[in-house]
Amino acid sequence: MTYPVDDLVASLNPVREDDIPVQDEGSHALLAAITAETAPAPRRRFRPRLRFAVAVAVAAAATAALIAVPARDSGPLRSYANAAVRIDVTGDDEYEVEVKDAYADQREFREAFARFGLDVRLRIVPVSPGEERRVIRVGSLHAPSGDLPPGGVTGTSDTDLKCPADQGTCPLRVKLGGAMFRLEGADIVLGRKARPGELYQDTGPLPGDRPKSLRLTGRTVRQALADLDRRGLTWAFFLGEFKPDLSGGGWDPPVNWRPSGDRRITGAWMRSSNSVGLVVTPEKGDPEPVPDN
(Lines give C-alpha, C1' and ligand atoms only; values in the text may rest on other atoms or scores of the structure.)
Protein backbone atom coordinates (compact mmCIF):
# COMPACT_ATOMS: atom_id res chain seq x y z
CA MET A 1 0.00 0.00 0.00
CA THR A 2 1.40 3.42 -0.92
CA TYR A 3 0.67 6.86 0.41
CA PRO A 4 0.82 10.31 -1.18
CA VAL A 5 4.17 10.98 0.47
CA ASP A 6 5.66 7.90 -1.23
CA ASP A 7 4.68 9.24 -4.64
CA LEU A 8 6.16 12.60 -3.74
CA VAL A 9 9.51 11.11 -2.74
CA ALA A 10 9.60 8.89 -5.83
CA SER A 11 9.07 11.89 -8.11
CA LEU A 12 12.18 13.68 -6.83
CA ASN A 13 15.21 13.55 -9.18
CA PRO A 14 18.03 11.53 -7.60
CA VAL A 15 21.37 13.25 -7.14
CA ARG A 16 24.23 11.36 -8.83
CA GLU A 17 27.92 11.71 -8.25
CA ASP A 18 28.40 13.10 -11.79
CA ASP A 19 26.00 15.94 -10.98
CA ILE A 20 28.21 17.30 -8.18
CA PRO A 21 30.80 19.73 -9.53
CA VAL A 22 34.32 19.09 -8.24
CA GLN A 23 36.53 22.18 -8.30
CA ASP A 24 39.89 20.85 -7.16
CA GLU A 25 41.78 17.83 -5.86
CA GLY A 26 40.94 18.65 -2.21
CA SER A 27 37.24 18.67 -2.92
CA HIS A 28 37.56 15.45 -4.87
CA ALA A 29 39.40 13.78 -1.96
CA LEU A 30 36.71 14.95 0.52
CA LEU A 31 33.96 13.55 -1.68
CA ALA A 32 35.77 10.21 -1.97
CA ALA A 33 36.15 10.02 1.83
CA ILE A 34 32.45 10.69 2.41
CA THR A 35 31.23 8.14 -0.11
CA ALA A 36 33.63 5.53 1.25
CA GLU A 37 31.98 5.62 4.72
CA THR A 38 29.57 2.83 5.59
CA ALA A 39 25.99 4.09 5.28
CA PRO A 40 24.09 4.13 8.61
CA ALA A 41 21.12 1.84 9.03
CA PRO A 42 17.92 3.54 7.89
CA ARG A 43 15.81 4.96 10.73
CA ARG A 44 12.46 3.27 11.26
CA ARG A 45 9.63 5.49 10.20
CA PHE A 46 6.44 5.74 12.21
CA ARG A 47 3.79 5.05 9.63
CA PRO A 48 0.71 4.93 11.90
CA ARG A 49 0.69 8.74 11.91
CA LEU A 50 0.41 8.78 8.13
CA ARG A 51 -2.31 6.14 8.21
CA PHE A 52 -4.22 8.16 10.79
CA ALA A 53 -4.05 11.22 8.54
CA VAL A 54 -5.66 9.18 5.77
CA ALA A 55 -8.38 8.01 8.17
CA VAL A 56 -9.13 11.60 9.15
CA ALA A 57 -9.44 12.55 5.49
CA VAL A 58 -11.99 9.80 4.97
CA ALA A 59 -13.91 10.89 8.07
CA ALA A 60 -13.96 14.46 6.84
CA ALA A 61 -15.52 13.32 3.58
CA ALA A 62 -18.29 11.76 5.66
CA THR A 63 -18.81 15.09 7.49
CA ALA A 64 -17.52 13.68 10.77
CA ALA A 65 -14.22 15.33 11.65
CA LEU A 66 -12.04 14.78 14.68
CA ILE A 67 -11.13 18.17 16.13
CA ALA A 68 -8.35 17.12 18.48
CA VAL A 69 -6.88 13.70 19.19
CA PRO A 70 -4.47 13.12 22.05
CA ALA A 71 -1.15 11.72 20.90
CA ARG A 72 0.73 9.27 23.08
CA ASP A 73 1.38 10.79 26.53
CA SER A 74 -0.23 14.08 25.46
CA GLY A 75 -3.07 13.99 27.99
CA PRO A 76 -6.81 13.41 27.75
CA LEU A 77 -9.07 14.37 24.86
CA ARG A 78 -10.08 18.02 25.07
CA SER A 79 -12.32 18.50 22.05
CA TYR A 80 -14.31 16.36 19.63
CA ALA A 81 -16.90 16.94 16.92
CA ASN A 82 -18.96 14.90 14.51
CA ALA A 83 -21.78 15.82 12.12
CA ALA A 84 -24.28 16.34 14.96
CA VAL A 85 -22.44 17.96 17.85
CA ARG A 86 -19.18 19.47 19.07
CA ILE A 87 -17.96 19.00 22.65
CA ASP A 88 -15.17 20.98 24.31
CA VAL A 89 -13.80 20.30 27.79
CA THR A 90 -13.80 23.59 29.72
CA GLY A 91 -13.04 22.33 33.23
CA ASP A 92 -13.31 19.41 35.63
CA ASP A 93 -16.49 17.53 34.71
CA GLU A 94 -17.60 20.54 32.68
CA TYR A 95 -18.37 20.44 28.98
CA GLU A 96 -19.44 22.96 26.38
CA VAL A 97 -21.77 21.35 23.86
CA GLU A 98 -22.73 22.91 20.53
CA VAL A 99 -25.62 21.25 18.74
CA LYS A 100 -24.84 21.35 15.02
CA ASP A 101 -27.74 19.28 13.65
CA ALA A 102 -30.82 18.89 15.83
CA TYR A 103 -32.28 16.35 13.38
CA ALA A 104 -29.24 14.06 13.45
CA ASP A 105 -29.31 10.42 14.50
CA GLN A 106 -29.26 10.35 18.31
CA ARG A 107 -26.40 7.85 18.19
CA GLU A 108 -24.18 10.68 16.95
CA PHE A 109 -24.68 12.52 20.26
CA ARG A 110 -24.14 9.40 22.35
CA GLU A 111 -20.95 8.56 20.42
CA ALA A 112 -19.51 12.04 20.99
CA PHE A 113 -19.99 11.87 24.78
CA ALA A 114 -18.56 8.35 24.85
CA ARG A 115 -15.29 9.77 23.47
CA PHE A 116 -14.83 11.40 26.87
CA GLY A 117 -15.81 8.28 28.82
CA LEU A 118 -19.21 9.77 29.70
CA ASP A 119 -22.41 7.75 29.80
CA VAL A 120 -24.57 10.63 28.60
CA ARG A 121 -27.50 10.68 26.22
CA LEU A 122 -28.35 14.05 24.69
CA ARG A 123 -31.73 13.92 23.00
CA ILE A 124 -33.11 16.66 20.78
CA VAL A 125 -36.88 16.12 20.60
CA PRO A 126 -39.75 17.92 18.82
CA VAL A 127 -41.74 20.20 21.14
CA SER A 128 -44.78 22.44 20.96
CA PRO A 129 -44.43 26.01 19.64
CA GLY A 130 -42.77 28.33 22.15
CA GLU A 131 -40.86 25.54 23.89
CA GLU A 132 -38.09 25.18 21.33
CA ARG A 133 -34.45 25.57 22.41
CA ARG A 134 -35.16 24.79 26.04
CA VAL A 135 -33.97 22.08 28.40
CA ILE A 136 -37.02 19.84 28.73
CA ARG A 137 -35.63 17.62 31.48
CA VAL A 138 -32.45 16.20 32.99
CA GLY A 139 -32.37 12.88 34.80
CA SER A 140 -30.56 9.59 35.24
CA LEU A 141 -30.17 7.37 32.20
CA HIS A 142 -30.54 3.92 33.74
CA ALA A 143 -30.58 2.08 37.03
CA PRO A 144 -27.13 1.54 38.54
CA SER A 145 -25.61 -1.91 38.15
CA GLY A 146 -23.99 -3.77 41.01
CA ASP A 147 -24.07 -3.02 44.71
CA LEU A 148 -24.52 0.59 45.77
CA PRO A 149 -22.37 2.14 48.48
CA PRO A 150 -23.93 2.65 51.95
CA GLY A 151 -26.41 5.51 51.81
CA GLY A 152 -26.89 5.24 48.03
CA VAL A 153 -25.43 7.64 45.49
CA THR A 154 -25.83 11.35 44.89
CA GLY A 155 -24.92 13.69 42.08
CA THR A 156 -25.30 17.20 40.77
CA SER A 157 -26.18 18.52 37.34
CA ASP A 158 -26.30 21.98 35.88
CA THR A 159 -27.40 22.94 32.38
CA ASP A 160 -27.47 26.31 30.69
CA LEU A 161 -28.93 26.39 27.20
CA LYS A 162 -28.48 29.63 25.27
CA CYS A 163 -30.08 29.59 21.86
CA PRO A 164 -30.31 32.97 20.13
CA ALA A 165 -33.37 32.97 17.90
CA ASP A 166 -31.32 34.03 14.87
CA GLN A 167 -28.77 31.21 15.19
CA GLY A 168 -29.08 27.61 14.14
CA THR A 169 -26.76 26.23 16.84
CA CYS A 170 -27.51 25.85 20.53
CA PRO A 171 -24.52 26.12 22.88
CA LEU A 172 -25.35 24.00 25.93
CA ARG A 173 -23.22 24.13 29.06
CA VAL A 174 -23.41 20.85 30.97
CA LYS A 175 -21.81 20.17 34.33
CA LEU A 176 -22.06 16.71 35.83
CA GLY A 177 -20.54 15.48 39.07
CA GLY A 178 -20.91 12.85 41.75
CA ALA A 179 -21.25 9.09 41.72
CA MET A 180 -24.86 9.17 40.53
CA PHE A 181 -23.97 10.10 36.96
CA ARG A 182 -21.03 7.73 36.90
CA LEU A 183 -23.29 4.83 37.91
CA GLU A 184 -26.61 5.86 36.38
CA GLY A 185 -25.58 8.07 33.47
CA ALA A 186 -27.33 11.29 32.44
CA ASP A 187 -30.31 11.81 30.15
CA ILE A 188 -30.49 15.40 28.88
CA VAL A 189 -33.50 16.32 26.73
CA LEU A 190 -33.63 19.50 24.64
CA GLY A 191 -36.49 20.88 22.59
CA ARG A 192 -36.41 21.66 18.89
CA LYS A 193 -38.94 22.88 16.36
CA ALA A 194 -41.17 20.04 15.24
CA ARG A 195 -41.67 19.10 11.63
CA PRO A 196 -45.24 19.29 10.29
CA GLY A 197 -47.25 16.44 11.83
CA GLU A 198 -44.42 15.34 14.15
CA LEU A 199 -45.67 14.46 17.65
CA TYR A 200 -44.65 16.88 20.40
CA GLN A 201 -42.63 15.33 23.23
CA ASP A 202 -43.38 17.97 25.86
CA THR A 203 -47.18 17.67 25.93
CA GLY A 204 -49.59 14.97 27.04
CA PRO A 205 -53.00 14.25 28.49
CA LEU A 206 -54.18 16.50 31.34
CA PRO A 207 -57.56 17.94 32.31
CA GLY A 208 -58.66 21.08 30.50
CA ASP A 209 -57.69 22.59 27.16
CA ARG A 210 -54.01 23.02 26.33
CA PRO A 211 -53.95 25.53 24.75
CA LYS A 212 -57.18 27.10 25.91
CA SER A 213 -58.01 28.11 22.34
CA LEU A 214 -59.02 24.48 21.66
CA ARG A 215 -62.28 24.99 23.62
CA LEU A 216 -63.13 21.29 23.56
CA THR A 217 -63.30 20.37 27.25
CA GLY A 218 -66.89 19.80 28.42
CA ARG A 219 -68.24 19.22 24.93
CA THR A 220 -69.53 15.87 23.76
CA VAL A 221 -67.41 13.59 21.64
CA ARG A 222 -69.79 14.20 18.73
CA GLN A 223 -69.43 17.98 19.01
CA ALA A 224 -65.65 17.82 19.46
CA LEU A 225 -65.04 15.62 16.42
CA ALA A 226 -67.27 17.78 14.23
CA ASP A 227 -65.32 20.86 15.33
CA LEU A 228 -61.98 19.18 14.62
CA ASP A 229 -63.16 18.12 11.17
CA ARG A 230 -64.03 21.73 10.37
CA ARG A 231 -60.53 22.80 11.46
CA GLY A 232 -58.88 20.10 9.38
CA LEU A 233 -57.35 18.41 12.46
CA THR A 234 -57.06 14.72 13.20
CA TRP A 235 -57.55 13.24 16.67
CA ALA A 236 -56.63 10.43 19.07
CA PHE A 237 -58.33 9.44 22.32
CA PHE A 238 -56.85 8.85 25.76
CA LEU A 239 -58.66 7.01 28.56
CA GLY A 240 -57.71 8.71 31.80
CA GLU A 241 -58.80 10.32 35.04
CA PHE A 242 -57.10 13.17 36.89
CA LYS A 243 -57.51 14.85 40.27
CA PRO A 244 -57.58 18.62 40.87
CA ASP A 245 -53.85 18.55 41.71
CA LEU A 246 -53.29 17.05 38.23
CA SER A 247 -52.24 13.68 39.63
CA GLY A 248 -53.65 10.63 37.90
CA GLY A 249 -53.12 8.87 34.61
CA GLY A 250 -54.53 6.49 32.07
CA TRP A 251 -53.75 4.64 28.87
CA ASP A 252 -53.99 4.80 25.09
CA PRO A 253 -56.86 2.77 23.58
CA PRO A 254 -56.51 1.19 20.12
CA VAL A 255 -55.86 3.80 17.45
CA ASN A 256 -59.24 3.43 15.72
CA TRP A 257 -61.31 3.22 18.92
CA ARG A 258 -63.98 5.88 19.40
CA PRO A 259 -66.26 6.37 22.43
CA SER A 260 -69.99 6.99 22.04
CA GLY A 261 -70.90 10.44 20.77
CA ASP A 262 -72.62 11.59 23.97
CA ARG A 263 -69.63 11.11 26.28
CA ARG A 264 -67.88 14.24 27.51
CA ILE A 265 -64.38 15.45 26.76
CA THR A 266 -62.46 16.08 30.00
CA GLY A 267 -59.20 17.30 28.47
CA ALA A 268 -57.65 18.20 25.13
CA TRP A 269 -54.09 18.93 24.01
CA MET A 270 -52.22 19.55 20.77
CA ARG A 271 -50.34 16.37 19.90
CA SER A 272 -48.75 17.86 16.78
CA SER A 273 -49.30 20.68 14.34
CA ASN A 274 -52.31 18.84 12.86
CA SER A 275 -53.45 16.43 15.59
CA VAL A 276 -55.36 16.80 18.89
CA GLY A 277 -55.53 14.41 21.83
CA LEU A 278 -58.88 14.00 23.58
CA VAL A 279 -59.26 12.75 27.15
CA VAL A 280 -62.39 10.82 28.22
CA THR A 281 -63.05 9.19 31.58
CA PRO A 282 -62.86 5.37 31.42
CA GLU A 283 -66.13 3.48 31.65
CA LYS A 284 -67.12 -0.17 31.85
CA GLY A 285 -66.64 -1.83 28.48
CA ASP A 286 -63.82 0.46 27.37
CA PRO A 287 -60.57 -1.12 26.11
CA GLU A 288 -58.32 -2.31 28.90
CA PRO A 289 -54.76 -1.01 29.26
CA VAL A 290 -52.07 -3.00 27.50
CA PRO A 291 -49.20 -4.10 29.81
CA ASP A 292 -46.02 -2.08 29.32
CA ASN A 293 -47.83 0.38 27.07
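Overview of the structure. (Residues numbered from 1 in each chain as written. Predicted model: local features only at pLDDT ≥ 70, side-chain atom pairs only at ≥ 80, totals over all residues. Heavy atoms only, no water.)

Now for the environment of Leu172. Topologically, Leu172 is positioned in strand β7 (residues 170-177). Through-space distance from the C-alpha of Leu172 to that of Leu190 is 9.5 Å; in sequence the pair is 18 residues apart. Setting aside chain neighbours within four positions, we find Leu172 in contact with Tyr95, Glu96, Val97, Leu122, Val135, Thr159, Asp160, Leu161, Ile188 and Leu190. (Helix = DSSP H or I, 4+ residues; strand = E, 2+ residues; numbered from the N terminus. Contact = heavy atoms within 4.5 Å.)

The next thing to look at is the packing of aromatic side chains. One pass over the full model with this rule turns up four aromatic pairs. Taking 5.9 Å as the distance between ring centres and 65° as the angle between the ring planes, the aromatic pair formed by Tyr95 and Phe116 counts as edge-to-face. In this pair, Tyr95 sits in strand β3 (residues 94-99) while Phe116 sits in the loop between α4 (106-114) and β4 (120-127), placing the two residues 21 residues apart along the sequence. Since its relative accessible area comes to 8%, Tyr95 is described here as buried. Between the aromatic rings of Phe238 and Trp269, the centroid separation amounts to 6.4 Å while the plane-to-plane angle is 85°, which identifies the pairing as edge-to-face. With Phe238 in strand β10 (residues 234-242) and Trp269 in strand β12 (residues 267-272), this pair connects stretches of sequence that are 31 residues apart. (Phe/Tyr/Trp six-rings, centres within 6.5 Å; stacked < 30°, edge-to-face > 60°. Buried < 20%, exposed > 50% of the residue type's maximum accessible area, 1.4 Å probe, protein only.)

Every buried residue of α4 is accounted for by Phe109, Ala112 and Phe113. Buried residues of α4, viewed axially, fall in a sector of 95°; they line one side. Close packing links the buried residues of α4 with β1 (79-81), β2 (85-91), β3 and β4. (Arc of directions from axis to C-beta.)

We now examine the layout of surface pockets. By volume, the largest pocket is sized at about 330 Å³. Taken together, 16 residues line the largest pocket, and the ones lying closest to its centre are Ala236, Phe237, Asp252, Trp269 and Arg271. Looking at which element gives the most residues to the lining of the largest pocket, the answer is β10, with four residues. (1 Å grid on protein atoms, 1.4 Å probe; cavity = no way out; pocket = protein on both sides within 12 Å on 5 of 7 lines; lining within 4 Å. Points joined across faces, edges and corners; volume = space filled by probe spheres on them.)

Our focus in this paragraph is the pattern of salt bridges. Scanning all chains against the criterion turns up 14 salt bridges. Arg107 is paired through a salt bridge with Asp105; the nearest N and O atoms lie 2.7 Å apart. Under the relative-accessibility criterion, Arg107 is labelled exposed at 63%. Judged by relative accessible area, which is 37%, Asp105 ranks as partly exposed. Between Arg110 and Asp119 there is a salt bridge, with its nearest N and O atoms 3.0 Å apart. (Salt bridge = Lys/Arg side-chain N within 4 Å of Asp/Glu carboxyl O.)

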